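# Commentary on secondary and tertiary structure
So the chains spell out like this:
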Amino acid sequence: MALPQSVKIVEVGPRDGLQNEKEFVPTRIKIDLIDRLSAAGFRNVESASFVSPKWVPQMADGADVMAGIARRPGTIYSVLTPNLRGLEGALAAQADEIVIFGAASEAFSQKNINCSIAESIARFEPVTQTAKAAGLRIRGSVSCSLGCPYQGEVPVASVVDVVERFAALGCDEIDIADTIGVGTPKRTREVFEAVTKVFPRERLSGHFHDTYGQALANIYAALNEGIEIYHASVAGLGGCPYAKGATGNVATEDVLYLMNGLGIETGIDLAQVVAIGDFISTATGKANASRAGKALLAKARSEQTPCV
Ligand code: HMG
Ligand code: MG
């Protein structure tokens, strides 16, 4: 299959990236990060979670974050909503899109949202019905689509099953998520080949964590399956609090460098994102995990240093 001519990059750093930070990141830094990202051209920024603050304390300030951002017309600001209480928060915050998050692995579903897969679908039903009635976009995220930290191997059929259930709930977009970054290109292709039979290809996305360094290879495999939406986190921030050892999402700078090299349009300025990666790494005191980001920063600094 020919590679897509353009892709949508969903920036998930403010949510998936920051949720794993041990030290509380001040609300003003979160707001500044989101505003810089929307100014850099991202059409979709995953901005907050309306989850239990006991489960993920870092995301406790979601309402303040959403109230503080400077909304850019046309930008989709997404928030995570595990239940009706979360949806109430999303509606009050005037989010554009909610994200319901389930798993293709029973064990992970229990650890992450404290219920079985079937219970999670039942819980999402009133959430999606109310969200649709309110005119919100709905995204469904399928964790552990390429492997589970507790169960290990996850059958492709389990991923297809959850995708079908999410489709029946009315999801506009569905994420195939490699929560712990164990997937390889062969498995990625197998999973996308299977899920594109039950849900429109153009509304599926690849959400790859980079724990085993396979994320870019997996994105290239998914591009070959015609997938047009990818999630990434500036400076490679992140990890899942309920998936021990999992590192951040693939770094946005690295994905943009790949897309630029392939001549695939993203509408996003790489240089601006490199600067944002530097900003958030400095603000959190964390090493920048983007290879392209670090290389481009070093190049820019060496060009500024006069030769003696
Ligand atoms: P529970 O303990 O079974 O539920 O948690 P509960 O109804 O008994 O509630 C427990 C407490 O939380 C109660 O407070 C509720 O009021 C409160 P208490 O009475 O004890 O004071 N509560 C809430 N507070 C604020 N907002 C809410 C909310 N709901 C309940 N919406 C629950 C069940 C789903 C709430 C919990 O398990 C939870 O919040 N889990 C979220 C975990 C999470 O955010 N994980 C990370 C995001 S998923 C991810 O990163 C994967 C992804 O990136 C894709 C991938 O890479 O795989 C998307
Ligand atoms: Mg994730």
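Look a little higher up for the structure.
Before going into details, it helps to say that this report is about the structure given with it.

Each value, and the rule that gives it
Residues numbered from 1 in each chain as written. Chains lettered and ligands numbered in written order. Predicted model: local features only at pLDDT ≥ 70, side-chain atom pairs only at ≥ 80, totals over all residues. Heavy atoms only, no water. Donors = N, O, S within 2.8 Å, 3.2 Å for Na, K, Ca; no water. Helix = DSSP H or I, 4+ residues; strand = E, 2+ residues; numbered from the N terminus. Buried < 20%, exposed > 50% of the residue type's maximum accessible area, 1.4 Å probe, protein only. Arc of directions from axis to C-beta. Contact = heavy atoms within 4.5 Å. Core = buried A, V, L, I, M, F, W, Y, C linked by side-chain atoms within 4.5 Å. Near = heavy atom within 4 Å. Polar contact = N/O pair within 3.5 Å; in protein donor to acceptor, adjacent residues only side chain to side chain. Areas by Shrake-Rupley, 256 points an atom, 1.4 Å probe, with all protein chains shown as cover. Lys, Arg positive; Asp, Glu negative; His and termini not counted. Salt bridge = Lys/Arg side-chain N within 4 Å of Asp/Glu carboxyl O. Pairing = 2+ DSSP bridges. Axes fitted to C-alpha atoms, helices over the stretch in contact; angles between N-to-C directions.

### So, the coordination of the magnesium ion (ligand 2)
Around the magnesium ion (ligand 2), the protein supplies D16 (OD), H207 (NE2) and H209 (NE2) as donor atoms, at distances of 2.1 to 2.3 Å. Going along the chain, you hit the donors of the magnesium ion (ligand 2) in the pattern D-x190-H-x1-H. Linking D16 in helix 1 (residues 13-17) with H207 in strand 7 (residues 204-208), this pair joins segments that are 191 residues apart in sequence. Note on D16: relative accessible area 2%, which makes it buried.

### Overview of helix 8 (residues 185-195)
Every buried residue of helix 8 is listed here: R187, T188, V191, F192, A194 and V195. For helix 8, the arc enclosing every buried residue in end-on projection is 160 degrees, short of the 170-degree limit, so these residues lie on one face. Here the buried face of helix 8 lies against helix 7 (156-168), strand 6 (173-178), strand 7 and helix 9 (215-224).

### Side note on the nonpolar core
Counting residues in each nonpolar core, the largest one holds 92 residues, and the members touching the most others are F166 and Y230. Ignoring sequence-local partners within four residues, the contact set of F166 consists of I100, F101, G102, I121, F124, G140, S141, V142, C171 and I174.

### Some points on the site of ligand 1
If you check the shell around ligand 1, you find 26 residues, and the closest are K54, R85, N114, S143 and T179. Backbone polar atom of V51 to a nitrogen atom of ligand 1: 3.2 Å apart, as the coordinates give it. Within the contact set of ligand 1, an oxygen atom lies 2.9 Å away from a backbone nitrogen or oxygen of S52. Relative to its free-state accessible area of 1100 Å², ligand 1 is covered by the protein chains to the extent of 75%. At the level of secondary structure, the elements contributing two or more residues to the shell around ligand 1 comprise helix 1, helix 4 (84-92), helix 5 (106-113) and strand 5 (137-143).

### Some thoughts on the side chain of E11
Here E11 shows up in strand 1 (residues 8-11). Buried within the structure, E11 lacks any salt-bridge partner; R15 is the closest side chain of opposite charge, at an N-O distance of 10 Å. Side-chain polar atoms of E11 contact the side chain of T252, separated by 2.7 Å. In this view, E11 contacts L37, F42, N44, V45, E46, A232, S233, V234 and T252; residues no more than four positions away in its chain are not counted.

### Notes on the side chain of S120
Within the secondary structure layout, S120 lies in helix 6 (residues 117-133). Using a relative accessible area of 1% as the deciding quantity, one classes S120 as buried. Within polar-contact distance, the side chain of S120 engages the backbone oxygen of I117 at 2.7 Å. When neighbours within four sequence positions are excluded, S120 is seen to be in contact with I113 and C115.

### Describing the environment of A168
Tracing the backbone through its elements, the reader meets A168 in helix 7. What makes A168 exposed here is its relative accessible area of 68%. With 100 residues separating them in the primary sequence, A168 and G68 have C-alpha atoms 34 Å apart.

### Remarks on the sheet that holds strand 5
In space, the eight strands of this closed barrel follow the order 1-2-3-4-5-6-7-8, with parallel pairing throughout. On average, each strand axis in the sheet is tilted by 25 degrees relative to the strand beside it, whichever way the strands run. Taken together, the three bridges between strand 7 and strand 8 (residues 229-232) define a ladder with parallel strand orientation. Bridged to S205 within strand 8 is I229. Sheet contacts for helix 10 (residues 252-262): strand 1 and strand 8; angle to strand 1, the most-contacted strand, approximately 170 degrees.

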